[in-house]
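Survey of secondary and tertiary structure
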Amino acid sequence: MTSHFNSTNSFLLLIVLSVCLACAPEKQSSEPQKPNIVIVYLDDLGYGDVGAYGSTVLKTPNIDHLANGGVRFTNGYASSATCTPSRYAILTGVYPWREKDAKILPGTAPLLIGTNQMTLPKMLKQEGYNTGIVGKWHLGLGSGNVDWNAQISPGPNEVGFDYSYILAATQDRVPTVYIKNGYVVGLDPNDPIEVNYQNNFEGEPTGKDNPELLTMKWHHGHNNSIVNGIPRIGFMKGGKSALWKDEDMADVFLAEAQEFVQKNKHEPFFLYYAMQQPHVPRTPHPRFAGKSGLGPRGDAIVEADWCLGEFMKTLEEENLLENTLIIFSSDNGPVLNDGYYDDAEEKNGEHTPWGPFRGGKYSLFEAGTHVPFISYWKGMIQPGVSDALICQLDLFSSIASLVGSAERIADSQSLLETLMGKSAQGRESLVIEATSRTALRKGDWVMIPPYKGAAINKMVNIELGNNEAYQLYNLSEDIGEENNLAERNADKLQEMIKAYQEIRGTDLPEAQELELK
């Protein structure tokens, strides 16, 4: 009897212990999980296009929510006034003028980033992150002779991204297809893709020769192959089943970004969410048509703002907002007419996409690179405004400091405390770039060296910053760069020239003709 009683109790005790262990909370790791990191990168969004940065005409409630809930930088910069160089810099932490091929690339350009080069996603992979890019790439693919009907390599996956869902270059360039992890999405092997940037394919219509087929009229530089009624840069044949629908692009990229978050929510992730708005051709979904009152460009910004809001909802629904650092910015400043007649100029009204600055995309004046720049982390970053000088270059080293990586890039300064709103100290100086020309921002001063070439590009109606004499501006007194102080303040000019040459060197290029977008 006693033996039976003891064995029974032992059995019951084992059951109780098993239940208790099953119900006990999991043991917490001694190391807190590293934060998720998201960079939301818009295309051609100007400083004045955002409500939190002064827009009273264009409404951007979701971008404003980030700006008002995080750090809104008033001196945040892209590294360049054009797209490819800025995208090179944000992923490598290297000044784009150090890489001679970091210019606006055609859709058939080889990969610009070296596969052995350190990049932001590579560094984060070393620290245990799952990495993804969704959206615009425009950093070249392959080795210069891409077969679009086979695996396209090297590309994003070879420079640090575990997952990629991209468009190769820009929305106005061929090939007009999505590429997922190196393969064209939805491609029919019986209808292979051919791409050529010099010569058209026999029998294929073009925007120049077949205006009756167009739903959007070209203004300059966009008169080659027609896709979805829109003339593009470059020639393309085949791949009919894989062609994107322009008005659905924002929704496609949003869904991909949301899915990446949902699939990777249990481990630290890095997402580079590179929206295409408001780059040309501006083709917002019909549900956004007319919403801004500013034509398709304004509608595309409203659409991008909505996409951000939906993406933020996903982070909130997955309980990730309290452990996710979000950086929001733009690759360069604004442009209205960038190759198509789309009423961007005619319907702009009183809106000022360039904010208080002079110039715009392609320009060495402030509006070319002085862009919206926001850091947001719910519960970790206190709302505020920072006047610290910071550049997208600095994200590499700053994020490396955040995740405990020893990797550093010389051009990239670690400004983590500034990014987190805990310090007012920014970088001392910054070399900015526009179509191979460079200038210096140091403190409140800007110095632009002499450059030959047109002062205004008439196609896009933007001042380029070219002048045969030195230009010197004090932004604290002259934010619009109207008063050139080079002759009146020779000492400050010489100080700026010396500081510039210490970074940039003395072998400087002359102004080049504007590359057509």
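Going along each chain's sequence as written, the residues are numbered from 1 onward. With pLDDT at 70 or above as the cut-off, local features in this predicted model cover only qualifying residues; side-chain atom pairs require 80 or more to be listed or tallied, and sums for whole chains, interfaces and linings still use all residues. With hydrogens and water stripped out, all remaining heavy atoms of the structure feed into the side-chain values.

As a packed pair, helix H2 (residues 61-69) and helix H6 (residues 296-317) sit with axes 7 Å apart at the nearest point and diverge in direction by 60°. On the basis of the axis angle, H2 is oblique to H6. Of the residues in H6, those touching H2 at Pro 61, Asn 62, Ile 63 and Leu 66 are Asp 305, Trp 306, Leu 308, Gly 309 and Met 312. Think of it as three bins: nonpolar holds Ala, Val, Leu, Ile, Met, Phe, Trp, Tyr, Cys and Pro, charged holds Asp, Glu, Lys and Arg, and polar takes everything else, Gly as well. Its residues assigned to classes, the contact of H2 with H6 comprises six nonpolar, two polar and one charged. Inter-axis angles, ranging from 0 to 180 degrees, are taken between N-to-C directions of lines fitted to C-alpha atoms, where helices are fitted over the stretch in contact. Here a strand is any run of E in DSSP of at least two residues, a helix any run of H or I of at least four, and the numbering for each starts at the N terminus. Note on angle classes: values under 35 degrees are labelled roughly parallel, values over 145 roughly antiparallel, values of 65 to 115 roughly perpendicular, and the remainder oblique. The contact criterion used is simple: two residues touch if any of their non-hydrogen atoms lie within 4.5 Å.

With that settled, the discussion passes to the sheet that holds strand S13 (residues 373-376). When DSSP locates at least two bridges between a pair of strands, those strands are taken to pair. With mixed pairing, ten strands are arranged side by side in an open sheet as S6-S5-S4-S3-S11-S1-S12-S13-S2-S14. With partners counted over all chains shown, the strands left at the sheet margins are strand S6 (183-184) and strand S14 (384-391), one partner each. The strands touched by H2 within the sheet are strand S2 (71-77), strand S12 (324-330) and S13, with S13 carrying the most contacts at an inclination of about 70°. Here helix H3 (residues 83-92) sits on the sheet in contact with strand S1 (36-42), strand S3 (130-136) and strand S11 (269-274), set at roughly 170° to S1.

Moving on: the environment of Glu 477. Within the secondary structure, Glu 477 sits in the loop between strand S20 (471-474) and helix H9 (490-504). Whether a residue is buried, partly exposed or exposed follows from its accessible area with a 1.4 Å probe, protein chains only, as a fraction of its type maximum: under 20%, in between, or over 50%, in that order. Residue classification places Glu 477 among the exposed residues on the basis of a relative accessible area of 65%.

A separate point is the pattern of salt bridges. Basic side-chain nitrogens of Lys or Arg form a salt bridge, by our definition, when they fall within 4 Å of a carboxyl oxygen of Asp or Glu. According to the stated counting rule, one finds 24 salt bridges in the structure shown. Salt-bridge contacts for Lys 442 lead to Glu 495; the nearest nitrogen and oxygen are separated by 3.9 Å. Remark: Glu 495 occurs in helix H9 and Lys 442 occurs in strand S16 (residues 437-442); sequence separation between them is 53 residues. Overall, Glu 495 belongs to the partly exposed group, its relative accessible area being 36%.

Each residue carries a pLDDT score, the predictor's own confidence in it, on a scale running from 0 to 100. In this model, the protein chain carries an average pLDDT of 93, and 92% of its residues clear a pLDDT of 70 or more. Low pLDDT, under 50, characterises residues 1-30; the stretch is placed with zero contacts to residues that sit more than four places away or in other chains. Contacts from residues 511-517, a stretch scored under 50 in pLDDT, to residues over four places away or in other chains number 31 contacts.

On to the sheet that holds S20, then. Judged by pairing direction, the sheet is antiparallel, and its four strands sit side by side in the order S15-S16-S17-S20 without closing on themselves. The two strands at the open ends of the sheet, each matched to only one other strand, are strand S15 (429-434) and S20. In this sheet, neighbouring strand axes are inclined to one another by 20° on average, regardless of whether the strands run parallel or antiparallel. Examined bridge by bridge, S15 and S16 share six bridges and lie antiparallel to one another. Bridge pairing in S16 places Ile 432 opposite Ala 439. Across the sheet, H9 touches S15, S16, strand S17 (445-448) and S20, and the angle it forms with S16 is around 120°.

Attention shifts here to the nonpolar core. Buried residues of nine kinds, namely Ala, Val, Leu, Ile, Met, Phe, Trp, Tyr and Cys, make up a nonpolar core once their side-chain atoms join them within 4.5 Å. By size, the foremost hydrophobic cluster in this structure holds 59 residues, and its most contacted members are Ile 39, Met 123, Leu 124, Trp 137, Phe 270 and Tyr 272. Of all the secondary structure elements, the ones that give two or more residues to this core are S1, S2, H3, helix H4 (120-126), S11, S12, helix H7 (395-403) and helix H8 (416-419). Element by element, the count of residues in this core is highest for H7, at five residues. In this structure Trp 137 touches Arg 87, Leu 91, Leu 111, Gly 155, Pro 156, Val 159, Phe 161, Ile 166, Leu 167, Ala 168 and Ala 169, once residues within four positions along its chain are discounted.

Side chains of residues three or four places apart in an α-helix project in the same direction, reflecting 3.6 residues per turn. Turning to H2, its buried residues number three or more, namely Ile 63, Asp 64, Leu 66, Ala 67 and Gly 69. Looking at the buried residues of H2, the elements they touch are S2, H6, S12 and S13.

Among the six residues that make up S16, six are buried, leaving the element largely enclosed by the rest of the structure. On S16, burial covers both faces: Arg 437, Ala 439 and Arg 441 on one face and Thr 438, Leu 440 and Lys 442 on the other are all buried. Between the antiparallel neighbours S15 and S16 lie two residues, among them Thr 435 with a positive phi of about 45°. Count of turn residues in the S16/S17 antiparallel hairpin: two residues, of which Gly 443 carries a positive phi of about 60°.

What follows concerns the side chain of Gln 471. Residue position: Gln 471 is located in strand S20. At 2.9 Å, the side chain of Gln 471 and the backbone oxygen of Gly 465 are in polar contact. Distance and chemistry together define a polar contact, namely a pair of N or O atoms within 3.5 Å, with one atom able to donate a hydrogen and the other to accept it when in protein, and with adjacent residues in sequence counting only for side-chain atoms on both sides. Polar side-chain contacts of Gln 471 include one of 2.6 Å to the side chain of Tyr 473. Beyond its immediate sequence surroundings of up to four residues, Gln 471 is in contact with Phe 365, Val 446, Met 447, Ile 448, Gly 465, Asn 466, Asn 484 and Ala 486.

For the rest of this paragraph, the subject is the pairing of S3. Counting buried positions along S3 yields six of seven residues, so the element is predominantly enclosed. Taken together, the six bridges between S3 and S11 define a ladder with parallel strand orientation. Paired with Ile 133 across the two strands is Tyr 272, which belongs to S11. One ladder, built from five bridges, connects S3 with strand S4 (residues 163-167); its direction is parallel. When the bridges of S4 are listed, Gly 135 appears paired with Ile 166.

This part takes up the packing of aromatic side chains. In summary, the pairing rule links any two rings of Phe, Tyr or Trp, Trp by its six-membered ring, whose centres are within 6.5 Å, and it sorts them by plane angle into stacked for under 30 degrees, edge-to-face for over 60 and tilted for everything else. Enumeration according to the criterion identifies 17 aromatic pairs in this entry. Relative to Phe 253, the ring of Tyr 178 has its centre 5.5 Å away and its plane inclined at 75°; by these criteria the two rings are edge-to-face. Linking Tyr 178 in strand S5 (residues 178-180) with Phe 253 in helix H5 (residues 249-264), this pair joins segments that are 75 residues apart in sequence. Residues Tyr 178 and Phe 253 agree in their burial class; the two are buried. Residues Phe 260 and Phe 269 carry aromatic rings whose centres are separated by 6.0 Å and whose planes lie at 90° to one another, so their mutual orientation is edge-to-face. Neither Phe 260 nor Phe 269 differs from the other in exposure class; each is buried. An aromatic cluster of at least three residues, connected via ring pairs, comprises Tyr 41, Trp 137, Phe 161, Phe 270 and Tyr 272.

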